[in-house]
Amino acid sequence: MKKFLLRTKCHFVQLLAALLYNLDFQGIATLSVGKSVTKGVCVPGLHCYSCPGAIGACPIGALQQSLGASSLKLPFYVVGCLLAFGALFGRTICGWACPFGFIQDMLDKLGRFLRIPKMRKSAFTRKLSYLKYAVLALVVIGPLATLAIDGVASPLFCTYICPAGTIAGVALVSTSPDLQAIVGALFTWKTAVLAAIVIAAMAIYRPFCRFLCPLGALYGFFNRFCALRYVVDENACTNCGACVEACRMDVARVSDHECIQCGACKESCACGAIRFSVSRSSLKQPPAIACDNSGQEEVQKKGK
Amino acid sequence: MIRDEKHTISNDGDTPRVKRGKARSFAWVLVLAIGVALIALGIAQGDMLDTWRKASLICYECIGIG
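Residues numbered from 1 in each chain as written. Chains lettered and ligands numbered in written order. Predicted model: local features only at pLDDT ≥ 70, side-chain atom pairs only at ≥ 80, totals over all residues. Heavy atoms only, no water.

Under an unreviewed UniProt entry, chain B has the name Thioredoxin and belongs to Slackia piriformis YIT 12062.

Under an unreviewed UniProt entry, the name given to chain A is 4Fe-4S ferredoxin-type domain-containing protein, and the source organism is Slackia piriformis YIT 12062.

Laid out in structure tokens, this is it:
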């Protein structure tokens, strides 16, 4: 029941975040890209600024655009936004405030409903999770390399990989004869990539987040020290590994670079050793709860 | 130095693990401050305007048109 309530709360927050990212109702109604002042503000999650409803800028798209600008200014603004989001939230954004993460969670549920066999995490998926760091390198190096070679910077991640942009593209192309007249092989490729991710998400938990997302890779660096994260009470923890077992991401420990702070580990901990960093219990000194190997709990007051 | 069964506690009363935990507790403040400073610097040099210019037009590469 607690797990159900946690997941429901998480999906509610995800839905709210997705709605907040897409408040340009006029853009949605007319299927056109908005020009409001807020489009200059980076949103924390992966959300293409070419989506008709988008009110903010995608940080990865903005980073590539800044790096590829011919003026070669250092991208202080976008890097500052990424540092601020990372320091505050880390990959909590992935778990609670990313529209594409929400879409993958819903596809995961659809896969369960359709009884599609799930691929469990393994040593292979953990190794594959490092692929997103290569994608992150592409985000940074790609625009600089294409600028140096051609004199024109190309946002390689957005152009060839990003599924969020493809969703926006499908919406725009489907209703615009002008755009339909100029689609070509690239659109076919991007649609195929999107379709592959959608199908994979029904059999594999969050495949894009785990293996391809450069934003998740970036935020992962902040996970061990960000303000909002799950923390483990080392005195209460018995190293039973139930938290890692319950986690569907490729974590080696709670709040490592793969953790999306979903809270599944907290629900699985028999000793109550895992808590959110800003939970009420963290405001005062919590009692140390230790479990013996049989799972019985002893409560020891931590006194001075 | 005081020793207990599991950890070596230094004279200020904290184990190395607790010290690391305390350092992590404040690391985010430092990174956040750097981030805010960079945002301010970026806005001053017109980065936010550049981002707005790009974001307020259809990104043909992003949607697959090229």
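Details of the interface of chain B and chain A
Definition in use: Contacts are residue-level and defined by heavy atoms, with any inter-residue pair within 4.5 Å sufficient. We define buried area as the total accessible area lost by two parts upon association, computed with a 1.4 Å probe and summed across both. When a carboxyl oxygen of Asp or Glu is within 4 Å of a side-chain nitrogen of Lys or Arg, the pair counts as a salt bridge. Any N or O atom pair separated by 3.5 Å or less is treated as a polar contact, with the protein-specific requirement of one donor-capable and one acceptor-capable atom, and with residues adjacent in sequence counted only for side-chain atom pairs. Segments assigned H or I by DSSP are reported as helices when at least four residues long, segments assigned E as strands when at least two residues long, and all are numbered from the N terminus. The classification used treats Ala, Val, Leu, Ile, Met, Phe, Trp, Tyr, Cys and Pro as nonpolar, Asp, Glu, Lys and Arg as charged, and all other residues, Gly among them, as polar.
Every contact between the two is made by 33 residues of chain B and, on the other side, 49 residues of chain A. Here chain B packs against chain A, burying approximately 3500 Å² in sum over the two surfaces, 70% of which is carbon and sulfur. Across the contact surface, chain B and chain A share zero salt bridges. The interface formed by chain B and chain A includes ten residue pairs in polar contact (both at pLDDT 80 or more). Counting only elements with at least two residues in the side of chain B that touches chain A, the list comes to α1 (16-44), α2 (47-55) and α3 (60-63) of chain B. Considering each element in turn, the side of chain B that touches chain A owes the most residues, 13 residues, to α1(B). Tallied by class, the residues present in the side of chain B that touches chain A amount to 19 nonpolar, eight polar and six charged.

Digging into the UniProt feature "transmembrane region" (unreviewed entry) in chain A
Definition in use: UniProt positions are given in the numbering used here, feature names are shortened, and annotations may be inferred rather than shown by experiment.
In this structure's numbering, the residues bearing the UniProt feature "transmembrane region" (unreviewed entry) are residues 76-107, 128-148, 154-174 and 181-205 of chain A. Helix makes up 88% of residues 76-107 of chain A and strand makes up 0%, while its end C-alpha atoms are separated by 36 Å.

A word on the UniProt feature "signal peptide" (unreviewed entry) in chain A
This chain's UniProt record puts "signal peptide" (unreviewed entry) on residues 1-17 of chain A. End C-alpha atoms of residues 1-17 of chain A are separated by 24 Å, and the span's content is 94% helix alongside 0% strand.

Examining the pattern of salt bridges
The condition that has to hold: Type-normalised accessible area, obtained with a 1.4 Å probe on protein chains alone, sets the label of each residue: buried when under 20%, exposed when over 50%, and partly exposed for intermediate values.
For the coordinates displayed, the defined rule picks out twelve salt bridges over all chains. When the shortest N-O distance is used, the salt bridge between A:Asp256 and A:Arg126 registers 3.9 Å. Residue A:Asp256 is located in the loop between α15 (242-246) and α16 (264-268), and its partner A:Arg126 is located in helix α7 (residues 123-128); the two are separated by 130 residues in the primary sequence. Measuring nitrogen to oxygen at the nearest pair gives 3.9 Å for the salt bridge that ties B:Glu61 to B:Lys54. With relative accessibility at 25%, the residue B:Lys54 sits in the partly exposed group.

Considering the packing of aromatic side chains
Residue and element names in this part refer to chain A. To keep it simple, the criterion reads: Working definition: rings of Phe, Tyr and Trp (its six-membered ring) pair if their centres are within 6.5 Å, and the pair is stacked with planes under 30 degrees apart, edge-to-face with planes over 60 apart, and tilted otherwise.
On inspection of all chains with the given rule, the structure shows six aromatic pairs over all chains. Their ring planes at 55° and their centres at 5.8 Å tell us that Tyr-133 and Phe-221 sit as a pair that is tilted. Within this pair, whereas Tyr-133 is found in helix α8 (residues 131-150), its partner Phe-221 is found in the loop between α14 (214-220) and β1 (230-232), the two being separated by 88 residues in sequence.

Regarding the nonpolar core
For clarity, the cut-off: As used here, the term nonpolar core means buried Ala, Val, Leu, Ile, Met, Phe, Trp, Tyr and Cys residues forming a set that is joined through side-chain atoms within 4.5 Å.
Of all hydrophobic cores here, the largest spans 52 residues; its most connected members are A:Leu46, A:Phe157 and A:Phe208. When contributions to this core are tallied by element, the ones reaching two or more residues are α1 (2-21), α3 (59-68), α4 (76-89), α8, α9 (156-160), α12 (185-203) and α14 of chain A together with α1 of chain B. Among the elements that make up this core, the one with the highest residue count is α4(A) (eight residues). In this structure, A:Ala236, A:Val254, A:Ile274 and A:Phe276 belong to the second largest nonpolar core, which totals ten residues.

Overview of the domain arrangement of chain A
All names here are of chain A. To keep things clear, this is the line we draw: Note that the domain bounds reflect an automated or database-derived domain assignment.
Domain boundaries in chain A define domain 1 (2-220) and domain 2 (230-282). Just the C-alpha atoms count here: the centres of domain 1 and domain 2 sit 27 Å apart. Residue-level contacts link 26 residues of domain 1 with 18 residues of domain 2. Buried surface at the junction of domain 1 and domain 2, summed over both partners, amounts to about 1900 Å²; 46% is from carbon and sulfur atoms. Counting across the domain 1 and domain 2 interface gives six salt bridges. We note a salt bridge from Glu-245 to Arg-120, for which the minimum N-O separation is 3.7 Å. Where the side of domain 1 that touches domain 2 is concerned, the elements lending two or more residues are α1, α5 (92-96), α6 (99-113), α7, α8 and α13 (207-211). For the side of domain 1 that touches domain 2, the residue count by class is seven nonpolar, six polar and 13 charged.

So, the UniProt feature "transmembrane region" (unreviewed entry) in chain B
UniProt tags residues 26-44 of chain B as "transmembrane region" (unreviewed entry). Taken as a whole, residues 26-44 of chain B contains 100% helix and 0% strand, while its terminal C-alpha atoms sit 28 Å from one another.

With respect to the state of the cysteines
In a disulfide, the sulfur atoms of two cysteines are held together by a covalent bond. Residue and element names in this part refer to chain B. Under the convention used in this document: We call a pair of cysteine sulfur atoms a disulfide whenever their separation is within 2.5 Å.
Going through the model one piece at a time under the given rule, you end up with one disulfide over all chains. Covalently, Cys-59 is tied to Cys-62 through a disulfide, its sulfur atoms 2.2 Å apart. Measuring the twist about the S-S bond at about 65°, one finds the Cys-59-Cys-62 disulfide to be right-handed. Look at Cys-59 and you get buried, because its relative accessible area is 1%. We classify Cys-62 as buried; its relative accessible area is 3%.

A few points about α12(A)
Definition in use: Expected span, for any helix, means 1.5 Å times one less than how many residues it has.
For α12(A), with 19 residues, the first-to-last C-alpha span of 27 Å sits near the 27 Å given by 1.5 Å per residue. Residues of α12(A) that are buried: A:Leu186, A:Phe187, A:Lys190, A:Val193, A:Leu194, A:Ile197, A:Ala201, A:Met202 and A:Ala203. As for α12(A), its buried residues are in contact with α6, α9, α10 (163-175) and α13 of chain A together with α3 of chain B.

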